[in-house]
Amino acid sequence: MVRQHFTHVTTWVFDLDNTLYPPQARLFDQIEARMTSFVMEFLRVERAEADRIRHAYWREHGTTLAGLMRCHDLDPDRYLREVHDISLDHLAPDPDLAGAIRALPGRKIVYTNGSGEYAGRVVAARGLSGAFDAVYGVEHAGFRPKPEACAFAAVLERDGSEAGRAAMFEDDPRNLAAPHDMGMRTVHVAPEPVPATHIHYHTDDLGGFLARLV
C-alpha cells in the first residue's frame, strides 16, 4: 500500500544528520558543542549566553549560521569549516541502507543544512559513497537554510528536479512543511512519530522503509 504512493517519485531527497545515520551516533552533540564555542569566540560572550543565542537563532532563522550571517555579517565558510571538524568514529557502514538507496528508481540526492564537504565525509563513513547522484550542502542553497521554501527550491533547481516528483526524508518535522507545500512526498525519519498534516509517513527504520518502495 505504501509503494503506490511513491510510484510517481523520480528524485529522492535525503537529509543527512540523524537521517542517514541513527541519532544514537550523537554526532550533532559534537557539532552543537563546537557551535557554542564558535559563538563564544565570535561574539565574545560567556557559554550560557552563547547557548541562548545559538538556540534563539535556530528558532528564528532556521539555523545558527543563518542568524549569525544576518545579524553579525559572519563569513559562513569559516563557521562551516570549524563547526563540522568532528570525529566520525561512531559511524559504521550500513550495507543494507546502501543497497536500499541504490535500488530506488531515479535520482538520489543528499541535502543538508551542513556543508557539502561534511556531508561527503558522513556519506563515506556510512558506506554510502556511490549511492547518491549528488550531495548538496547549505552553500548550494545560497546559505539559505531549511526550513525556508526558497532553500529547497534552489537545491531542486540546481539538481534539475521537480518538486511534484520528489520525496523528502528528514528527521526534523519543521523541515518537511515546505516540501509538503511544494508537492513533495514527505517522510519523517525519527524514533517517534510527530502528528502533523504536512507529514505523509513516519519511519524509525529508513532502510526497511525504502525496501518497501521497490
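Scroll up to find the structure this text is about.
Here is a short report on the structure shown in this document. Keep in mind that what you see is a predicted model, and the values were worked out from it rather than measured.

What about the sheet that holds strand 6 (residues 201-203)?
Then, in step 1: Here 6 strands make up an open sheet; going across it, the order is 3-2-1-4-5-6 and the pairing parallel. In this open sheet, the two strands that pair with only one neighbour each are strand 3 (134-136) and strand 6. On average, each strand axis in the sheet is tilted by 20° relative to the strand beside it, whichever way the strands run.
Then, in step 2: Here 3 bridges tie strand 2 (residues 107-111) to strand 3, and the two strands are oriented parallel to one another.

Some remarks on the environment of proline 145
Then, in step 1: Relative to the elements of secondary structure, proline 145 occurs in the loop between strand 3 and helix 7 (149-159).
Then, in step 2: Taking the C-alpha atoms as reference points, proline 145 and threonine 112, separated by 33 residues in sequence, lie 8.7 Å from one another.
Then, in step 3: When residues no more than four places from it in sequence are discounted, the contact partners of proline 145 are His61, Gly62, Thr63, Ala66, Arg70, Asn113, Val138 and Ala151.

Some details on helix 6 (residues 116-125)
Then, in step 1: For helix 6, the full list of buried residues reads Gly116, Tyr118, Ala119, Val122 and Val123. On an axial view of helix 6, the arc spanned by its buried residues comes to 155°, and they lie on one face.
Then, in step 2: Looking at the buried positions of helix 6, the neighbouring elements they touch are helix 1 (27-43), strand 2 and strand 3.
Then, in step 3: One or two residues past the end of helix 6 sits glycine 127, with phi positive at roughly 70°.

Brief notes about the pairing of strand 4 (residues 166-170)
Then, in step 1: Where burial is concerned, most of strand 4 is hidden: 5 out of the 5 residues are buried.
Then, in step 2: The pairing of strand 4 with strand 5 (residues 185-189) spans 4 bridges and is classified as parallel. Opposite methionine 168, over in strand 5, you have threonine 186 as the bridge partner.

Some details on the packing of aromatic side chains
Then, in step 1: Considering all chains together, one arrives at 11 aromatic pairs under this definition.
Then, in step 2: With centroids separated by 5.7 Å and ring planes inclined at 25°, the aromatic side chains of phenylalanine 38 and phenylalanine 42 adopt a geometry described as stacked. Taken as a pair, phenylalanine 38 and phenylalanine 42 lie in helix 1 at a separation of 4 residues, close to a single helical turn.
Then, in step 3: According to the relative accessible area criterion, phenylalanine 38 is buried, its value standing at 2%.
Then, in step 4: A cation sits over an aromatic face here: lysine 146 above tyrosine 111, 4.8 Å from the ring centre.
Then, in step 5: Residue placement shows arginine 174 over the ring face of tryptophan 58; its charged tip is 3.7 Å from the ring centre.

Here is what the cut-offs are and how they apply
- Residues numbered from 1 in each chain as written.
- Predicted model: local features only at pLDDT ≥ 70, side-chain atom pairs only at ≥ 80, totals over all residues.
- Heavy atoms only, no water.
- Pairing = 2+ DSSP bridges.
- Helix = DSSP H or I, 4+ residues; strand = E, 2+ residues; numbered from the N terminus.
- Axes fitted to C-alpha atoms, helices over the stretch in contact; angles between N-to-C directions.
- Contact = heavy atoms within 4.5 Å.
- Buried < 20%, exposed > 50% of the residue type's maximum accessible area, 1.4 Å probe, protein only.
- Arc of directions from axis to C-beta.
- Phe/Tyr/Trp six-rings, centres within 6.5 Å; stacked < 30°, edge-to-face > 60°.
- Lys NZ or Arg CZ within 6 Å of the ring centre and 35° of its normal.

Function cannot be read off these values alone, since they describe shape.
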